[in-house]
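# Per-entry structural report
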Amino acid sequence: MQRKERRLRLRWREEVPAGKAFMHPDTMNELSISSDIEVVIAGKKKLYFTAMPNESVPRGEVWCNTDELKSNGVADNSIATIRAKRVE
């Protein structure tokens, strides 16, 4: 079965705990995301986060911890492919 995916903007946010990502609930439903997400940047770098619904996040964005993204070399406002993490 093909996983749904979308290209969304990654934003640095201090209020997001490390290992978590805040997403709009409608975006999570559209991509069939219930818990973990896979973030692919430029088709090379893969990061994994636990998605949490948050109404204040715009639909085209994913908010992640600032320090975590910086340490992985991801700039603020980067575009990444977001999809549900594959379940084995």
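Structure: see above.
Residues numbered from 1 in each chain as written. Predicted model: local features only at pLDDT ≥ 70, side-chain atom pairs only at ≥ 80, totals over all residues. Heavy atoms only, no water.

### Remarks on the overall build of the protein chain
So the rule is basically this: By the criteria applied, helices consist of DSSP H or I runs no shorter than four residues and strands consist of E runs no shorter than two, each listed in order from the N terminus. To get the radius of gyration, use the C-alpha atoms; to get the globule rule, take the number of residues to the power 0.38 and multiply by 2.2 Å. Accessible areas in this description were obtained via Shrake-Rupley with a 1.4 Å probe; residue shielding takes into account the shown protein chains only.
Within the protein chain, the secondary structure is distributed over two helices and six strands. Reading the helices (α) and strands (β) of the protein chain from amino to carboxyl end gives β-β-α-β-β-β-α-β. Its C-alpha atoms give the protein chain a radius of gyration of 12 Å, near enough to 12 Å, the size a compact globule of 88 residues would have. About 5,200 Å² of surface is accessible on the protein chain, with carbon and sulfur atoms providing 48% of the total.

### Some details on the pattern of salt bridges
Short version of the rule: A pair is scored as a salt bridge if a Lys or Arg side-chain nitrogen falls within 4 Å of a carboxyl oxygen belonging to Asp or Glu. Each residue's exposure class comes from its accessible area (1.4 Å probe, protein chains only) as a fraction of the maximum for that residue type: buried when under 20%, exposed when over 50%, partly exposed otherwise.
A full pass over the atoms with the stated rule returns seven salt bridges. The residue E38 makes a salt bridge to R3 at a minimum N-O spacing of 3.8 Å. In this pair, E38 sits in strand β3 (residues 36-41) while R3 sits in the segment before β1 (5-13), placing the two residues 35 residues apart along the sequence. Note on E38: relative accessible area 4%, which makes it buried. The network of salt bridges with shared partners includes R3, E5, E38 and R83.

### Some points on unusual backbone geometry
Positive phi values are uncommon outside glycine, yet S32 reaches one of about 55°. Inspection of the secondary structure puts S32 in the loop between α1 (25-30) and β3. A residue is classified by how much of its surface remains accessible, and S32, at 49% relative accessible area, is partly exposed. In the Ramachandran plot, N77 falls in the positive-phi region, its phi being about 75° despite a non-glycine side chain. Residue placement: N77 occurs in the loop between α2 (66-71) and β6 (78-84). On the basis of relative accessible area, N77 is assigned to the partly exposed category, the value being 34%.

### A closer look at the side chain of H24
With respect to the helices and strands, the residue H24 is situated in the loop between β2 (20-23) and α1. Residue H24 is classed as buried on the basis of its relative accessible area, which comes to 7%.

### Concerning the pairing of strand β5 (residues 61-65)
Operational definition: Pairs of strands are assigned from DSSP output, requiring at least two bridges between the strands.
With five of five residues buried, β5 lies mostly within the body of the structure. Looking at chain direction, β1 and β5 are connected through five bridges and run parallel. In the strand pairing of β5, L10 is matched with V62. Where β2 meets β5, three bridges bridge the pair, whose relative direction is antiparallel. Pairing of A21 across the sheet is with C64, part of β5.

### Here we look at the environment of A80
Of note, A80 is situated in strand β6. Each C-alpha atom, one on A80 and one on R11, is 11 Å from the other, the two residues being 69 residues apart in sequence.

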